[in-house]
Amino acid sequence: MSMGSRGFATIENEWITLKDGTRLAARIWMPDGAEQDPVPAVFEFLPYRKRDGTSPRDESTYPVFAAAGIAGVRVDIRGSGESDGVIDGEYTERELADACELIAWIAAQPWSNGSVGMMGISWGGFNSLQVAALRPPALKAVISIASTVDRYNDDIHYKNGCHLSAQLSWAATMLGYQSRAPDPALVGERWKEMWLERLAGEPFFMEEWLAHQRRDDFWRHGSISEDFSKVEIPTLVIAGWADGYRNTPLMAVEGLGDKAKALIGPWVHKYPHFAWPKPRTDFHGEAIAWWNKWLRGEDNGIDRLPQARAYILDAVRPAPRRDSDPGFWIARDVWTPPRMQCFYVEQFGRLTEGMPIPHAPEHPVYVRSPLDTGTASGDYFTLKPDVEMAIDQRSDDAGSLVFDTMPLAGDCDYLGRPVLTLALRPGAAGGNLCARLVDVHPDGTATRVAFGVINLTHRDGNADPKPLIPGETVSIRLVLDACGYRFRKGHRIRLSLSTAYWPMILPPPGDEGIAIDMASLGLGLPVLGDHRRIEIDEPANPDPLPKYIEHAAAATKRQVVRDLSANRTDYRIHEDTGLHEHPQTGLSTRQLREEIWSISPDDPLSMTGISTWTCDMRRPDWFVRTVATARIACTATDWIISAVVTAFEGDVQIVEKVFAEKRIPRDLM
């Protein structure tokens, strides 16, 4: 797709003053001649710091847009980067109102043609959809990447009533982001006053998140699945199979109908023109065509894209690093719910195609997984194609109840969300269940294809959980995450069931196990069905991210340490970005994440987690550092959380902000 070669200017910092007097900081890429020939604009609104946090990816995309005659406006949310004020939470009413005001500001500029698009990945993908539902008049189209339509079930806090460990990780991450100083080169002498205001006012997000452990109005706010009809503009929704937000594209086309287009690749949590594993896509070319159609009225055919495009992974093997995944692209011109291929468990435990036998005698099998089952799960959302992704599942299968098919007689292709139904008898008033769909290769290698988790007290919904009655049979329907996968001839399909999936989900208060009725078990796999093979353009530039000056190299390490004498398992994370200097601004930054999750395999109340972010910013004559640490532990009745943020100017500590230990009652979790 042609992307143009128009000249442009980069405005490093533009102050936009809101109606309440707050100044927000924007970085703008402006096509030449826009004052004489107004242009459309693409807006991105984030708390991740345009000056240093997102600058590499911004610099990979917005100059390309500007060269195609589309302005880029990247704005820091209040309290982040160089913007005034203090952040007040995720996707708050104030944040969304600010976004609507900014869209109106952009549309009113003399260089604007009055049409605005909104774009982003993760936070920016979330608020793009949420702002679209508010219908600001100038917003004409959206591209949302790695986002969600359901904030309760498909974000980093909870999943089907299970408490995700990513909740602590993300709370610590946000403390690290929001405690960083603005750049004095942009804000001048006010930098320290602004920094101290942030340090004094920034919230510990987890206190608010844990106050809402069920799907209440707090989570309904910003979940466009509550009323898809509120989104009336064209929406391109993109995700990767290796990321936690893999469900959103198909949910969007099911909810938004012909207003939405879905694209799902093999990727981690990154933009698809530089994501791993490969193949990548020509995101720039497609995005420019999308904006030109909906912001300029150009008849370029982009509106006739298939409703759903997906990369079908083909017998992928887990590895310490996956630079490229085998597979093929398919298109469904109109997405319809897939036909389900049904499996049941025969008397001797084999997974077999067919429906469960009606009124078959109960065949209970007791399951009580070691509480450290799950260390092969990888991260909820992944940033690198290494062991952040799920690894060989055999270690987790050892603590699980597993059912295998016979070796397959032919290839089997699936696209959509598997569904598991079963009956069980619990041993306690609560408990978790994890189901994993696994590809067993002929040599025994086990690749996780899809998974789902459920807090059994949420069996009838997430808004009104109910305790289980020990010993009383209950029926469970668990919808697993979406997948696009080919099981090869000679491979086996495995269903793995466990009562633990740590550290991805945190354990319930008790560990009594469950009795699963094998005779009741049914597994539905979504058959790929009618489709056509397609080719998708890859980016012309195989290395689109800018190169910064490296002063210290990045490093990463993940370890599972089992102390047999102490009967304790640690999951340890070390992520160091290294120290890199922006060649134009002279600003050097480094972030270090250290995280440890610990548990005794037979004691759910032994669970602890600690996440620490150390963030450095420096120039030859200036250095600031913040250290943010968040902790969680538990009792049978409470979650116990605390946090501390320490700030240094040079070698001098200037602030220590303590979020005192807080006990928050467990709400059937």
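Up top you'll find the structure we're talking about.
Residues numbered from 1 in each chain as written. Predicted model: local features only at pLDDT ≥ 70, side-chain atom pairs only at ≥ 80, totals over all residues. Heavy atoms only, no water.

S.K.: Please clarify how the pattern of salt bridges should be interpreted in this entry.
M.R.: A pair can form between side chains of opposite charge whenever their charged atoms are brought close. For the structure on display, the rule yields 61 salt bridges. Between Glu 12 and Arg 51 there is a salt bridge, with its nearest N and O atoms 3.3 Å apart. Placement of the pair is Glu 12 in strand β1 (residues 8-17) and Arg 51 in the loop between β3 (39-46) and α1 (55-67), with a sequence separation of 39 residues. One salt bridge connects Arg 593 with Glu 595, and the closest N-O pair in it is separated by 3.2 Å. When sorted by exposure, Arg 593 lands in the same class as Glu 595, which is buried. What emerges from the salt-bridge pattern is a single network uniting Glu 12, Arg 27, Arg 51, Glu 59, Asp 183 and Arg 619. (Salt bridge = Lys/Arg side-chain N within 4 Å of Asp/Glu carboxyl O. Helix = DSSP H or I, 4+ residues; strand = E, 2+ residues; numbered from the N terminus. Buried < 20%, exposed > 50% of the residue type's maximum accessible area, 1.4 Å probe, protein only.)

S.K.: So what exactly am I meant to see when it comes to the nonpolar core here?
M.R.: Note on soluble globular proteins: their nonpolar side chains tend to be buried together. Core analysis: the largest hydrophobic core is formed by 198 residues, its most contacted members being Phe 43, Ile 143, Trp 291 and Leu 497. Counting residues per element, this core draws most heavily on helix α4 (residues 166-178), which supplies eight residues. Non-local contacts of Trp 291, meaning those with residues more than four positions away in its chain, are made with Val 42, Phe 65, Ile 70, Gly 117, Met 118, Met 119, Ala 141, Val 142, Ile 143 and Arg 296. (Core = buried A, V, L, I, M, F, W, Y, C linked by side-chain atoms within 4.5 Å. Contact = heavy atoms within 4.5 Å.)

S.K.: I tried to follow the packing of aromatic side chains on my own but got confused; where do I start?
M.R.: To describe a pair of aromatic rings, one takes the distance between the centres and the angle between the planes. A full pass over the atoms with the stated rule returns 29 aromatic pairs. Ring plane angle 90° and centroid distance 5.5 Å describe the contact between Phe 126 and Tyr 245, whose orientation is recorded as edge-to-face. Of this pair, Phe 126 sits in helix α3 (residues 123-134) while Tyr 245 sits in the loop between β9 (235-240) and α9 (248-256), placing them 119 residues apart in sequence. Considering the side-chain rings of Phe 218 and Trp 219, the 4.8 Å spacing of their centres and the 90° angle between planes classify their relative orientation as edge-to-face. On the basis of relative accessible area, Trp 219 is assigned to the buried category, the value being 0%. In textbook terms, an aromatic cluster arises when at least three aromatic residues are bridged by ring pairs, as seen for Tyr 48, Tyr 91, Trp 123, Phe 126, Trp 170, Tyr 177, Tyr 245, Tyr 380, Phe 381 and Trp 613. Arg 180 extends its terminal NZ or CZ atom over the ring of Tyr 177, reaching a point 4.3 Å from the ring centre. Between Arg 533 and the ring centre of Phe 328, over which it is positioned, the NZ or CZ distance is 3.8 Å. (Phe/Tyr/Trp six-rings, centres within 6.5 Å; stacked < 30°, edge-to-face > 60°. Lys NZ or Arg CZ within 6 Å of the ring centre and 35° of its normal.)

S.K.: Looking at this model, I keep getting lost on the side chain of Glu 44. Mind explaining?
M.R.: Relative to the assigned elements, Glu 44 resides in strand β3. With a relative accessible area of 1%, Glu 44 lands in the buried category. Side chain to side chain, Glu 44 and Tyr 62 meet in a polar contact 2.5 Å long. For Glu 44, the side chain forms a polar contact with the side chain of Tyr 271, separated by 3.5 Å. For Glu 44, the residues in contact, after removing those within four places along its chain, are Arg 57, Asp 58, Tyr 62, Val 73, Arg 74, Val 75, Met 119, Gly 120, Ile 121 and Tyr 271. (Polar contact = N/O pair within 3.5 Å; in protein donor to acceptor, adjacent residues only side chain to side chain.)

S.K.: What exactly am I supposed to notice about the sheet that holds strand β19 (residues 432-440) here?
M.R.: What links the strands of a sheet is backbone hydrogen bonding, and the strands pair in either a parallel or an antiparallel sense. The strand order across the open sheet built from four strands is β16-β23-β19-β20, with neighbouring strands paired in antiparallel fashion. The outermost strands of the open sheet, each flanked by one partner alone, are β16 (401-404) and β20 (446-455). Direction aside, the axes of adjacent strands within the sheet are offset by 15° on average. Inspection of the sheet shows β16 paired to strand β23 (residues 492-498) by four bridges, in the antiparallel sense. Within the sheet, the bridge partner assigned to Leu 401 lies in β23 and is Leu 497. (Pairing = 2+ DSSP bridges. Axes fitted to C-alpha atoms, helices over the stretch in contact; angles between N-to-C directions.)

S.K.: Even after reading the chapter, I still don't get unusual backbone geometry, so can you show me in this structure?
M.R.: With glycine set apart, most residues show a phi of negative sign, and most peptide bonds adopt trans. Here the residue pair Lys 278 and Pro 279 is connected by a cis peptide bond, since its omega of 15° sits within 30 degrees of zero. Positionally, Pro 279 belongs in the loop between β10 (260-265) and α10 (283-296). For the bond from Trp 502 to Pro 503, the omega torsion is 10°, close enough to zero to count as cis. Of note, Pro 503 is situated in the loop between β23 and β24 (514-526). Of note, the phi angle at Arg 49 is positive, near 75°, even though the residue is not glycine. Along the chain, Arg 49 falls in the loop between β3 and α1. Using a relative accessible area of 1% as the deciding quantity, one classes Arg 49 as buried. A positive phi is found at Asn 160, a non-glycine position, where the angle reads about 55°. With respect to the helices and strands, Asn 160 occurs in the loop between β7 (158-159) and β8 (162-163).

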